[in-house]
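This is what each chain is made of:
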Amino acid sequence: MSKFGSAIFNRLVIIIPYAWLTVFFLAPFFIVLRISLSETAIAMPPYLPVFNLADGISGLVDKLGELSVANYVFLAGDALYTNAYISSLKIAVISTIATLMIAYPIAYGMAKAPNSIRPTLLMLVILPFWTSFLIRVYAWIAILKPEGLLNQLLLTLGVIDQPLIILNTNWAIYIGIVYSYLPFMVLPIYSSLEKMDHSLIEAAQDLGCTAIRAFWRVTFPLSMPGVIAGCMLVFIPAVGEFVIPDLLGGSETLMIGKTLWNEFNANRDWPISAAVATILLLILVVPIMFFQHAQAKADGEGR
């Protein structure tokens, strides 16, 4: 390949990801932000845009002074939305921790397994994706309801005297999230553990570390990139989860995903819905940006 062709290829490698983010992330975000700064109206669509892109740059500049943050002020003063954000973050944190505690031993066992059976173990982890997400959540309804499979099994074994009330509680939401997002935690952790140089464990044990101490001093720190990636892959979608809380948590569940759906579809209040979505996006993206900046700085100092 010539130098000119190589230069073009290098530029395309850089441009394509940025173009993808612009089209599928930044553009939709600005559309949502624009709606959040508009006023609710009985129309189709149900809002009055403060500015129209058809007016051009001059029209946009003239309308900037008319932008209103009234929707954000309303959200800040309404306890329903504050409680929904807090409840979503709480459920997402607990679910992420529970998923990590279950996924790490699975990934560790897969990494320690013989090479001949690792592809089979990977297939078993990925196997749930072959079935519709919605069908899998509905299956948990049949398992967790009072007359469901779990209660029938426990009653038959004599473990309980009366059916447990699990469905339509937060416990059902935790079970649904952990089950649904477990592969997203297992796979990155397994990837980190599988690449690890196992001679480091032998060196630590030769220097006097017990097996447990060698795990905490060598194995776990080296698997942290996979742990962090897995936690993000579980935590971020869990915060805005709608299907699992709606089907397993019941009507009383307060999560921001359900609140957003109600505002958008039931109340037809698109500006408030857009403001809710914008705040949720900032809650998720801003900490990740700070974390990546701190990690990049730490890597630079380490070099």
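Everything that follows concerns the structure shown earlier in this document.
What this report covers is the structure whose coordinates are included nearby. Quick caveat: nothing in here was measured; it's all calculated off a predicted structure.

**A closer look at the pattern of salt bridges**
Part 1 of the reasoning: Across all of its chains, the model carries one salt bridge by this definition.
Part 2 of the reasoning: The partner of E194 in a salt bridge is R118, with the nearest N and O atoms 3.6 Å apart. Of the two residues, E194 sits in helix 8 (residues 170–195) while R118 sits in helix 5 (residues 118–126), which places them 76 residues apart along the sequence.

**Topic: the nonpolar core**
Part 1 of the reasoning: If you look at the biggest cluster of nonpolar residues, it comprises 46 residues, and the most contacted ones within it are I177, V186, I189, I244, L248 and V276.
Part 2 of the reasoning: Listing elements by their share of this core, those giving two or more residues are helix 3 (70–77), helix 4 (79–112), helix 6 (133–144), helix 8, helix 11 (224–239), helix 12 (243–249) and helix 14 (270–302).
Part 3 of the reasoning: Of the residues forming this core, the biggest block, 11 residues, is contributed by helix 8.
Part 4 of the reasoning: Leave out the neighbours within four places in its chain, and V186 touches A103, I106, A107, M110 and V125.
Part 5 of the reasoning: With five residues, the next largest nonpolar core counts M196, A204, A214 and V218 among its residues.

**So, empty space enclosed by the protein**
Part 1 of the reasoning: Taken as a whole, this structure holds one cavity of 30 Å³ or more when the rule is applied.
Part 2 of the reasoning: Its volume calculated, the largest cavity comes out at about 30 Å³.
Part 3 of the reasoning: What lines the largest cavity is Y108, A111, K112, L193, M196 and H198.
Part 4 of the reasoning: Looking at which element gives the most residues to the lining of the largest cavity, the answer is helix 4, with three residues.
Part 5 of the reasoning: For the lining of the largest cavity, the per-class residue count stands at four nonpolar, one polar and one charged.

**Section: the layout of surface pockets**
Part 1 of the reasoning: Within this model, the largest pocket holds a volume of roughly 250 Å³.
Part 2 of the reasoning: C231, M232, F235, I236 and I288 are, among the 15 residues lining the largest pocket, the residues nearest its centre.
Part 3 of the reasoning: When residues of the lining of the largest pocket are traced back to their parent elements, those giving at least two are helix 4, helix 11 and helix 14.
Part 4 of the reasoning: Roughly 170 Å³ of volume is contained in the second largest pocket.
Part 5 of the reasoning: Every residue lining the second largest pocket is listed: F25, I236, A277, L280, L281, L284 and V285.
Part 6 of the reasoning: Here the lining of the second largest pocket takes five residues from helix 14, the largest share from any one element.
Part 7 of the reasoning: In the lining of the second largest pocket, the residues fall into seven nonpolar, no polar and no charged.

Scoring rules and cut-offs
- Residues numbered from 1 in each chain as written.
- Predicted model: local features only at pLDDT ≥ 70, side-chain atom pairs only at ≥ 80, totals over all residues.
- Heavy atoms only, no water.
- Salt bridge = Lys/Arg side-chain N within 4 Å of Asp/Glu carboxyl O.
- Helix = DSSP H or I, 4+ residues; strand = E, 2+ residues; numbered from the N terminus.
- Core = buried A, V, L, I, M, F, W, Y, C linked by side-chain atoms within 4.5 Å.
- Buried < 20%, exposed > 50% of the residue type's maximum accessible area, 1.4 Å probe, protein only.
- Contact = heavy atoms within 4.5 Å.
- 1 Å grid on protein atoms, 1.4 Å probe; cavity = no way out; pocket = protein on both sides within 12 Å on 5 of 7 lines; lining within 4 Å.
- Points joined across faces, edges and corners; volume = space filled by probe spheres on them.
- Nonpolar A, V, L, I, M, F, W, Y, C, P; charged D, E, K, R; others polar.

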